[in-house]
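Notes for the structure review
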Amino acid sequence: MMKYMLLRHREIPNLNQIDVFLKEDGFEGFKKALKMDTNAVTDEVKAAGLRGRGGAGFPTGVKWSFMDKNNWPHYVVANADESEPGTFKDREIMESNPFQFLEGVAIASYAVGANVAYIYLRGEFWEVAHFLDEKIDEMEKAGFLGENIQGTDYSLKIYTHLGAGAYICGEETALLESIEGKRGQPRVRPPFPPSQGLYNKPTVVNNVETLSSVPYIIANGADRYREFGGTEKSPGTKIFSLSGRVKNPGNYELPLGSTFRELIFGEEYGGGIIDDKKIKAIMPAGASSSLIVADDKALDTPLTYEDVREVGGDLGSASVIVIDETVEMDWLITKTLSFFAHESCGKCTPCREGTYWMKAISERIHAGEATKADLELLHDVAKQVQGKTLCALGEFSTMAVVTSIERFPEDFEAKVYE
Amino acid sequence: MSLAEKYPQEVEKILAKYPPEHKKSAVMPLLYLAMREEGYITKADKADIAKLLDMTTTEVSSIVGFYTLFHDEKAGKYRLQVCTDIGCALRGAEQYLAELSDELGIKPGETTPDGLVTLEEVKCLAACDKAPMFQVQSGEGIQYHEKMTVGATLELIETLRKEAK
Ligand SMILES: Cc1cc2nc3c(=O)[nH]c(=O)nc-3n(C[C@H](O)[C@H](O)[C@H](O)COP(=O)(O)O)c2cc1C
Ligand code: SF4
Ligand code: FES
């Protein structure tokens, strides 16, 4: 039984070499897709129940089917911005299993009738982008990209595009603005990218891991994909980027439905907490997370999009940051707020001003220079930002603030005076 | 000399990535190209790129201002950018930066007297499991250095110093 669907390079050495990839059934999914009707490809992805791995968990096949067929050309854009603190999975895929990802881009492009696809990488992935450029050339030479692919009348070009240091460009409409040569600021939605995306043309934006899951689905069928792992509503495997106060941080591919306990304490995975300290909280989705109280109920929660919500969090991009008893929440939120204040694109006032004020108050609390009223003010400001911002970043900036004050009040009360 | 004169093939290759009616898309790759030699973008570069892409110089400047990896001021030849964001901070990055800063005798934001290294503090670089870590940005690109110690960092700086001579 295969253990990995995404991190296959961990079992197969040199999988990032095209001859090795070909020997390991590489491009079988794409070859099969090219013989299928485009709608049938989309239907297979729908049937597999694949959900977007970039954070929102939106059903991938459904998104593809939204592409406006009365407006051409169509584009596919791979989101390789990967800037959420705690997330480092897409980089491993692109470095070590690049052809599976590129095959996914190709299948998606074929399914929605795109002849050009862009891969948007955060600027810091400078070396990864150059590496992918080489891999794209190799794929073209092997007849899997370019004109008349595999003797069909289908043509496809894939290009990389480097960002330049802005977390907000991971938000799909900001990303599209950025490719268009503008400042990366989110657009008002609707319209959504499948109706008007890049250059105002219908565009599918998918995360690297989402696209990398597609070749298996097409090559083996939706049923086999569901058998590989996961639950009815959250099928398949997922890469968990595990970091923070664990013994063995790193990427771990597990079936959706595994538990936090397996991931964090399993010998093969996190291996438990540094110095065997006590676990205190879990941030399941990077800096944007709610802080989940790490009690037995939470630890035994299945890692699915639905179940994590039950314990007051979101699976998001599954960037699990582990917090132990040595960490104080008032410090933690100075970190998350410093991130969001830095990354707010400034387009809407509640986010621009809110992140600035929250950061300032949190720093005063952490320094022991704030009163109880300041703490209430911080909670208040966070609540007021919620629901009032143009994109989700504003909302993200409040999650750790609100949940840490509500769920770990003692950490804050110890710091403020009357 | 304009970018198109200096790097004709590369400019052509960059422009070919985007539909001709949307050549503005080439602004970011061209800005990287402009930084190659000196590590920062000059006024002349901005005007040059604006002309090439039918943009205004103000538009190009606003792009430079928005993205943190574009620089229009001279700094050290190498920008050593240490991540102290949440994941790395939970694994000792702040202490690492403080020690490194002591050893180099410069604070984050400052440059070594010989103009070789500017020390900077940055947000998450997608390597949170390999803290302490930093990237080195120069005109030629960006390289990651992971699971670092202060000692190994000082050695790397020595190597860069020799190469720069
Ligand atoms: C502030 C912000 C940052 C985001 N960053 C990323 C990112 O780095 N990578 C990513 O794939 N999605 C990111 N997203 C989600 C994208 O907007 C989009 O939902 C995703 O790329 C869709 O792909 P998927 O359906 O395959 O998940 C971000 C969203 C927001 C609001
Ligand atoms: S919520 Fe923040 S990041 Fe999003 S558009 Fe508004 S200011 Fe920009
Ligand atoms: S927090 Fe430092 S690389 Fe992610």
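Computed from a prediction, not measured in an experiment: that's the story for all the values here.

**Considering the pairing of strand S4 (residues 141-145) of chain B**
Residue and element names in this part refer to chain B. Burial analysis of S4 places four of its five residues in the buried class, which makes it a mostly covered element. The pairing of strand S3 (residues 134-138) with S4 spans five bridges and is antiparallel. Paired with Ser138 across the strands is Gly141, a residue of S4. Remark: two residues form the turn of the hairpin made by S3 and S4, two consecutive strands paired antiparallel.

**Overview of the interface of chain A and chain B**
Every contact between the two is made by 59 residues of chain A and, on the other side, 40 residues of chain B. At the surface where chain A touches chain B, the tally comes to two salt bridges. Counting every contact that joins chain A to chain B gives 21 residue pairs in polar contact (both at pLDDT 80 or more). Within the residue set of the side of chain A that touches chain B, elements represented by two or more residues are strand S2 (114-121), helix H7 (126-141), strand S3 (157-162), helix H8 (172-179), strand S5 (237-244), strand S9 (319-324) and helix H14 (329-343) of chain A. It is H14 of chain A that provides the largest number of residues to the side of chain A that touches chain B, a total of eight residues. Split into classes, the residues belonging to the side of chain A that touches chain B amount to 28 nonpolar, 18 polar and 13 charged.

**Focus: the packing of helix H15 (residues 349-366) of chain A against helix H16 (residues 372-385) of chain A**
Angle between the axes and distance between the axes are the two parameters that describe a pair of packed helices. All names here are of chain A. Packing of H15 against H16 leaves a shortest axis separation of 10 Å and a crossing angle of 160°. Judged by the angle between their axes, H15 and H16 are roughly antiparallel. In the packing of H15 onto H16, the handedness of the crossing is left-handed. On H16, the residues touching Pro350, Gly354, Met358, Ile361, Ser362, Arg364 and Ile365 of H15 are Asp374, Leu375, Leu377, Leu378, Val381, Ala382 and Val385. Counted by class, the contact of H15 with H16 contains ten nonpolar, two polar and two charged residues.

**Structural notes on the environment of Ala164 of chain A**
Examined against the element boundaries, Ala164 of chain A turns out to sit in the loop between S3 and H8. As a C-alpha pair, Ala164 of chain A and Ala111 of chain A span 53 residues in sequence and 30 Å in three-dimensional space. The contacts of Ala164 of chain A, once residues within four sequence positions are left out, are Gly123 of chain A together with Met28, Tyr32, Tyr67, Thr68, Leu69 and Phe70 of chain B.

**Concerning the domain arrangement of chain A**
Residue and element names in this part refer to chain A. Domain annotation of chain A identifies domain 1 (8-227), domain 2 (237-324) and domain 3 (329-413). Once you take the C-alpha centre of each, domain 1 and domain 2 turn out to be 27 Å apart. Interface of domain 1 and domain 2: buried area, both sides summed, is about 1400 Å²; carbon and sulfur atoms make up 47% of it. Ranking the residues of domain 1 by area buried against domain 2 places Arg51, Arg53 and Phe88 at the top, with a combined share of 33%.

How each quantity is defined
Residues numbered from 1 in each chain as written. Chains lettered and ligands numbered in written order. Predicted model: local features only at pLDDT ≥ 70, side-chain atom pairs only at ≥ 80, totals over all residues. Heavy atoms only, no water. Buried < 20%, exposed > 50% of the residue type's maximum accessible area, 1.4 Å probe, protein only. Helix = DSSP H or I, 4+ residues; strand = E, 2+ residues; numbered from the N terminus. Pairing = 2+ DSSP bridges. Contact = heavy atoms within 4.5 Å. Salt bridge = Lys/Arg side-chain N within 4 Å of Asp/Glu carboxyl O. Polar contact = N/O pair within 3.5 Å; in protein donor to acceptor, adjacent residues only side chain to side chain. Nonpolar A, V, L, I, M, F, W, Y, C, P; charged D, E, K, R; others polar. Axes fitted to C-alpha atoms, helices over the stretch in contact; angles between N-to-C directions. Parallel < 35°, antiparallel > 145°, perpendicular 65-115°, else oblique. Left-handed = near helix turned anticlockwise from the far one by under 90°. Domains from an automatic or database assignment. Buried area = accessible area lost by both parts, 1.4 Å probe.

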